[in-house]
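So you can see what is in the structure, the chains are spelled out below.
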Amino acid sequence: MGMRLVLKRWRVALAALAITLPLGFAFPAAGEKAVGMLGINIATVMGILPPVFILLGLFDTWVPRERVAPHLGEGSGLKGVALALFLGSASAGPLYVAFPVAEVLLRKGASVRNIFIFIGAWSTMRAPMFLFELQNMGFAFGLSRYAASFVGVLAMAWLTDRFLGEEDRRLMLAGSGDKV
Amino acid sequence: MTWFLYLAAAGGLAISAFFSPGKTKMSLLKAWKSFINVLPALIAMLLLVSIMIALLPERLIARLIGSESGIWGQFLASLIGSATLIPAFVAFPMAKVLMQHGAGAAQMAVFVSTLMMVGVATAPLEASFFGWRATILRNGMAYFYSFLVGYVVFGAVTIWA
């Protein structure tokens, strides 16, 4: 791999470093704490991701496109919407796990709209989180937020699907990595 | 939760290896390749999350979003909610206590809504999968929609009370 390609691949990490380093030096106490937090965060993320990627690798090789596309693809209609909502809200775990899952589903033929419904539901409609919210915030707060989020997830997924052009779709389906 | 993932992965690999060692090897290779592909974005996320937690500890967040009210309070809550990555089991009890001390329902709703839907720190990772255009589109819409969520929740809580 050439130097330029390496730089291109890592430029997002370098950009993050260019943001965090000056902040760390400007606020030394926070900078020192951030170094400690970095260790904890690396341990957490690296603890979760290996089995996620292995399961996605298995899913990718064993489950053929024909098993996914009819249920979540362009022609899946309301059933596809409902399934995407269910899969997203039945999940547990942080949002950064949803992205690789969504990408594999997308490559297996799920529609862009359903993928963004899935990500939206994962982010804000997770069932365990909602129960915890009701407990803490009460029914008026929890139910109204959930209802508003439900409408928003559907609307935003529909709009995202509308706004993304052919080029964006091609990039999304090209597989991860080289677009960074 | 994590132990379950490891159990599922180990079980999946065992079953897969029983039926086809070749496909199992291919699965592991794919897993490794996708991991290497997201590594730069993952490191970017870890750096951003770590500095954000250090710069904005929970106590400071609580003070900032608990005291400001009105549209300025919602704006501040939306910025903090977008920039930070706080798990729900911390965010909801915090919002509950803040509301008991007089913080507005709209601010709290905007805060938890942006916290869940908008992620500045996770944006590089999201973009590595879906491209920057889709990432900015999703996060941007979710950011503005969170204010609407704030008004809906404010209305519901006001009527309920």
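Here, the structure is the one placed above.
What counts, and where the lines are drawn
- Residues numbered from 1 in each chain as written.
- Chains lettered and ligands numbered in written order.
- Predicted model: local features only at pLDDT ≥ 70, side-chain atom pairs only at ≥ 80, totals over all residues.
- Heavy atoms only, no water.
- Helix = DSSP H or I, 4+ residues; strand = E, 2+ residues; numbered from the N terminus.
- Rg over C-alpha atoms; globule rule 2.2 N^0.38 Å.
- Buried < 20%, exposed > 50% of the residue type's maximum accessible area, 1.4 Å probe, protein only.
- Contact = heavy atoms within 4.5 Å.
- Areas by Shrake-Rupley, 256 points an atom, 1.4 Å probe, with all protein chains shown as cover.
- Core = buried A, V, L, I, M, F, W, Y, C linked by side-chain atoms within 4.5 Å.
- Domains from an automatic or database assignment.
- Patch = residues over 30% accessible without salt bridge, like charges linked within 9 Å, V, L, I, M, F, W, Y side chains within 5 Å.
- Salt bridge = Lys/Arg side-chain N within 4 Å of Asp/Glu carboxyl O.
- 1 Å grid on protein atoms, 1.4 Å probe; cavity = no way out; pocket = protein on both sides within 12 Å on 5 of 7 lines; lining within 4 Å.
- Points joined across faces, edges and corners; volume = space filled by probe spheres on them.
- Nonpolar A, V, L, I, M, F, W, Y, C, P; charged D, E, K, R; others polar.
- Axes fitted to C-alpha atoms, helices over the stretch in contact; angles between N-to-C directions.
- Parallel < 35°, antiparallel > 145°, perpendicular 65-115°, else oblique.
- Left-handed = near helix turned anticlockwise from the far one by under 90°.

### A look at the overall build of chain B
Turning to step 1, where the next piece is worked out: Check the secondary structure of chain B and you find eight helices and zero strands.
Turning to step 2, where the next piece is worked out: When the helices and strands of chain B are read in sequence order from the N terminus, they spell out α-α-α-α-α-α-α-α.
Turning to step 3, where the next piece is worked out: For a compact globule of 161 residues, the expected C-alpha radius of gyration is about 15 Å, and chain B comes in at 20 Å, more than 25% above that figure.
Turning to step 4, where the next piece is worked out: Referenced to the eigenvectors of the C-alpha coordinate spread, the extents of chain B come out at roughly 60 × 30 × 30 Å.
Turning to step 5, where the next piece is worked out: In chain B, which comprises 161 residues, the proportion classed as buried is 54%.
Turning to step 6, where the next piece is worked out: Restricting to contacts in chain B with at least 6 residues of sequence separation, those with at least 24 account for 75%.
Turning to step 7, where the next piece is worked out: Per element, the accessible surface of chain B, about 7500 Å² overall, is 76% carbon and sulfur.

### Quick look at the nonpolar core
Soluble, globular proteins show a tendency: their nonpolar side chains are buried together.
Turning to step 1, where the next piece is worked out: Ranked by size, the top nonpolar core spans 57 residues in total, and within it Y96, I115 and I119 of chain A together with L42, L125 and F130 of chain B carry the most contacts.
Turning to step 2, where the next piece is worked out: In terms of residue count, the dominant contributor to this core is helix α2 (residues 21-55) of chain B (12 residues).
Turning to step 3, where the next piece is worked out: Here this core gathers at least three residues from each of two domains, domain 1 (1-48) and domain 2 (63-173) of chain A.
Turning to step 4, where the next piece is worked out: Leave out the neighbours within four places in its chain, and I119 of chain A touches L95, F99 and A102 of chain A together with F130 and R138 of chain B.

### Notes on the environment of L42 of chain B
Turning to step 1, where the next piece is worked out: Topologically, L42 of chain B is positioned in helix α2.
Turning to step 2, where the next piece is worked out: L42 of chain B sits in the buried class, given a relative accessible area of 1%.
Turning to step 3, where the next piece is worked out: Linking L42 of chain B and K25 of chain B, residues 17 residues apart in sequence, is a C-alpha distance of 24 Å.
Turning to step 4, where the next piece is worked out: The contacts of L42 of chain B, once residues within four sequence positions are left out, are V45, M46 and L49 of chain A together with F35 and L125 of chain B.

### Some points on a nonpolar patch on the surface
All names here are of chain A.
Turning to step 1, where the next piece is worked out: Where nonpolar side chains cluster on the molecular surface, the patch consists of M3, L7, L14, L17, L21 and F25 and spans about 630 Å² of accessible area.
Turning to step 2, where the next piece is worked out: Note on placement: L21 falls in helix α1 (residues 3-26).
Turning to step 3, where the next piece is worked out: With relative accessibility at 44%, the residue L21 sits in the partly exposed group.

### Notes on empty space enclosed by the protein
Turning to step 1, where the next piece is worked out: Within the structure shown, the criterion is met by two cavities of 30 Å³ or more.
Turning to step 2, where the next piece is worked out: Of all the elements in the fold, those that place two or more residues in the lining of the largest cavity are α6 (112-124) and α7 (127-163) of chain A together with α8 (132-160) of chain B.
Turning to step 3, where the next piece is worked out: Its residues assigned to classes, the lining of the largest cavity comprises six nonpolar, two polar and one charged.
Turning to step 4, where the next piece is worked out: Estimated volume of the second largest cavity: approximately 30 Å³.
Turning to step 5, where the next piece is worked out: Along its surface, the second largest cavity is lined by L72, A84, L87, L105, N114, I115 and F118 of chain A.
Turning to step 6, where the next piece is worked out: Among the secondary structure elements, those contributing two or more residues to the lining of the second largest cavity are α4 (77-89) and α6 of chain A.
Turning to step 7, where the next piece is worked out: Per-element tally for the lining of the second largest cavity: the top contributor is α6 of chain A, with three residues.

### Digging into the packing of α4 of chain A against α7 of chain A
Helix-helix packing is described using two parameters, namely the angle between the two axes and the distance between the axes.
All names here are of chain A.
Turning to step 1, where the next piece is worked out: At a minimum axis distance of 14 Å, the contact between α4 and α7 shows a crossing angle of 150°. Put simply, α4 runs roughly antiparallel to α7. The hand of the α4/α7 crossing is right-handed. Contact residues: α4 offers V81, L85 and S89, while α7 offers A127, P128, Y146, F150 and L154.
Turning to step 2, where the next piece is worked out: Broken down by class, the residue content of the contact of α4 with α7 amounts to seven nonpolar, one polar and no charged.

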